[in-house]
Amino acid sequence: MSEAVIELRGLAKSFRVGLFHQRRVQPLRPLDLEVRRGETFGFVGPNGAGKTTTIKLLVGLLRPSAGTVRILGRTLPDRQVQRQIGFMPEVANFYEYLSGLELLQLHARLLGLPPREGQRRIAALVERVGMAGRADRPLRKFSKGMVQRIGLAQALLGEPQLLILDEPMSGLDPTGRHDIREIILEEKRRGTTVFFSSHILSDVEQLCDRVGILAGGSLRKVGRVDEIGRDELRSQEVVLRPAAPLTLPEGLAGQVLDRRTDGETTALLLAADADLGRLLQEILAQGGQILEVRRHTLGLEELFLRETREEQR
Amino acid sequence: MIRGVWVIAHNTFREAIRNKILYILLFVALGLIFSSLVLGKLSLDQSVRVIKDVGLGAISLFGVVIAIFIGINLLYQELDRKTLHTILVRPIARFQFVLGKYFGMILVLVLMTLVMGAVLLGLLHLNDAPPDGPLLTAILLSFCELTVVVAVAVFFSAFSSPFLSGAFTFGIFVLGRLKGELLDVLPTLGLGLLGDLLELLARLLPNLYHFEVASYAIYGNQLTATYVLSTMLYGICYTALVLALACVLFGRRDIL
């Protein structure tokens, strides 16, 4: 099993608010999570779910109220580890008095890159994020998409082992989203561990190996993108022959949501909690032939909606 | 460690010198210094003294205004605009960030003091008054006073809004100039426990009166080297203490 790049154990955050700090709010309840080397992990949740709080705890901007954060096996602050983290915040606010190039040069110096190496990486990244010929303008004249691109460039400047992106695609036009998605995929191919938050589920499905659903400050589900809803039945379907209608006992008839026939076979759509065993017995008892039993599980979007609906009410 | 502080200081300096308000304040200060030429002509054979008096006053006053105006925003603006989020994730400690902001501001004040001082010396030269030791000492100690004021501004900026930071820093500047008088007067007021408390608070203030030596410069009286060095040492120690507190406070806070 590959090494854990992010290890969160019982991580929680609470704040005291109000004039006299009399009220306590807890944006993040105890959370356990591991992200392994080379994984692309998507952190999804509605607004206010605690995604940004978790990310700020991960990068050391917030201090945990409880629990621990370990990045690359060490606790922050740690200079060596901080060199290996690339971070782009949700609202990428940069010094507006700088140009895009000056901002990247500032970050190169903070990373301790030798000047020539810094210049080499900046030139390559400006090209890679599609800002060649435009990065020398002042940041205050940049569009949202240009700021995001420069933000991604500064996150990649240290050639990080861990890339943490908070809503990297928010507010971007389709081209911008596509380009940033491609860069994340490139990083994934290079073996960079990517942890990113989003509420654009299609991006998460396209990019991520695993996904975590956060709602109300709690991690509700974690799993592989292609498996996460597999244990969650939405409905069941039984295809049988003959097409002639069966006479089902009253208790079972009520569990059939839909009945379709194509002249040769009948398909019965059943509720997730229907008594499938009893239905199959009944079909066989009435001389029917069972051709297929299908389990319809939840997709990421349905799972997301189910897990977050209560919090959004 | 020094590299990280220097990178932040350089960027803070760059930010300040791209701020138009700084130039407006500098031009007003230079205008006031130039006005001393006219005021000097109106005086009776006292033009050199008037130029020194007005010039040193302008350096001190506008230095303090610049120190407070920019100093109170140094950390608050970074927090408010969230510009420090990507900076603090880099391999740089929070205390390095605070020190970098402070020393960046000190670079700005060095530049401002040099420009204002050079203009003052130029005007004196026009009046056949060469630069003398007392005048240069007064400019030096005025600059040292500014380093203390910026440290106080940075300290408040680490945990309060610019308005409160500005009010507190200005209050400490005024009371710091009056510290000697406060300590003389408070015991005579008969305030009991409240008086003791106020005296304790007054003792915590920086004694900025020590840095205000314009009257010596105007009349050409040279201060002893011991006085100048001990005053500078006092300023450095007070600044170090205030900055250490600012670093602790900033280091413990959550960056929202």
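Residues numbered from 1 in each chain as written. Chains lettered and ligands numbered in written order. Predicted model: local features only at pLDDT ≥ 70, side-chain atom pairs only at ≥ 80, totals over all residues.

### What about the interface of chain A and chain B?
Inclusion rule: Here, residue contact means that the backbone-derived C-beta atoms of the two residues sit within 7 Å. Here a strand is any run of E in DSSP of at least two residues, a helix any run of H or I of at least four, and the numbering for each starts at the N terminus.
The interface of chain A with chain B comprises 24 residues on the first partner and 19 residues on the second. Looking at the side of chain A that touches chain B, the elements with two or more residues in it are helix H2 (79–83), strand S5 (85–88) and helix H3 (100–110) of chain A. Looking at the side of chain A that touches chain B, the element that brings in the most residues is H3 of chain A, giving four residues.

### What about the sheet that holds strand S6 (residues 162–166) of chain A?
Residue and element names in this part refer to chain A. For the record, the criterion: DSSP bridges decide pairing: two strands pair if at least two such bridges lie between them. Axes, fitted as lines to C-alpha atoms, cover a helix only where it is in contact. Angles between the N-to-C directions of the axes lie from 0 to 180 degrees.
Read from one edge of the open sheet, six strands run S5-S6-S7-S3-S8-S9, paired in mixed fashion. Edge positions in the sheet fall to S5 and strand S9 (218–224), since each of these pairs with one other strand and no more. Across this sheet, the average inter-strand angle for adjacent strands is 15 degrees, counted without regard to direction. In this structure, S6 lies alongside strand S7 (residues 193–198), joined through five bridges in parallel fashion. The partner of Leu165 across the bridge, within S7, is Phe196. Along the sheet, helix H1 (residues 51–59) makes contact with strand S3 (40–44), S5, S6, S7 and strand S8 (210–215), crossing S6 at roughly 150 degrees. Against the sheet, helix H5 (residues 144–156) engages S5 and S6, with an angle of about 165 degrees to S5.

### Overview of helix H8 (residues 162–177) of chain B
The following threshold applies: Given the number of residues in a helix, its expected span is that number minus one, multiplied by 1.5 Å.
Between its first and last C-alpha atoms H8 of chain B spans 22 Å; for 16 residues at 1.5 Å apiece the expected length is 22 Å, and the two agree. Residues of H8 of chain B that are buried sit in contact with helix H3 (47–71), helix H4 (73–81), helix H7 (133–157) and helix H9 (179–185) of chain B.

### Brief notes about the confidence of the model for chain B
What counts, and what does not: Residue-level confidence of the predictor, termed pLDDT, takes values from 0 up to 100.
In the predicted model, chain B carries a mean pLDDT of 91, and 100% of its residues have values of at least 70. Across the interface, the model reports ipTM at 0.88; the global pTM reads 0.86.

### Structural notes on unusual backbone geometry
The bulk of non-glycine residues show a negative phi, and the bulk of peptide bonds are trans. Residues and elements named next belong to chain B. Test applied: A residue is called partly exposed when the number of other C-beta atoms within 10 Å of its own lies between 12 and 20, exposed at 12 or fewer, and buried at 20 or more, with C-beta atoms placed from the backbone.
In this structure, Lys82 takes a positive phi of about 60 degrees despite not being glycine. As for its position among the elements, Lys82 is in the loop between H4 and helix H5 (85–88). Residue Lys82 is classed as partly exposed on the basis of its C-beta count, with 17 C-beta atoms lying within 10 Å. Even without being a glycine, Asp128 presents a positive backbone phi close to 55 degrees. Tracing the sequence through the fold places Asp128 in the loop between helix H6 (94–126) and H7.

### Focus on the packing of H3 of chain B against H6 of chain B
Residues and elements named next belong to chain B. Operational definition: Geometric relationships in this document are graded by angle, where less than 35 degrees denotes roughly parallel, more than 145 denotes roughly antiparallel, 65 to 115 denotes roughly perpendicular, and other angles denote oblique. If you view the pair so one helix is near and one far, a crossing is left-handed when the near helix is turned anticlockwise from the far one by less than a right angle, and right-handed when it is turned clockwise. Throughout this entry, Asp, Glu, Lys and Arg are counted as charged residues, while Ala, Val, Leu, Ile, Met, Phe, Trp, Tyr, Cys and Pro are counted as nonpolar. The remaining residues, Gly among them, count as polar.
Where H3 meets H6, the closest approach of the two axes is 10 Å, and the angle between their N-to-C directions is 165 degrees. By the criterion of interaxial angle, the relationship of H3 to H6 is roughly antiparallel. As H3 runs across H6, the sense of the crossing is right-handed. On H6, the residues touching Val48, Ile51, Gly55, Ala58, Ile59, Gly63, Ile66, Ala67, Ile70 and Gly71 of H3 are Met105, Val108, Leu109, Met112, Thr113, Met116, Gly117, Leu120, Leu123 and Leu124. For the contact of H3 with H6, the per-class residue count stands at 15 nonpolar, five polar and no charged.

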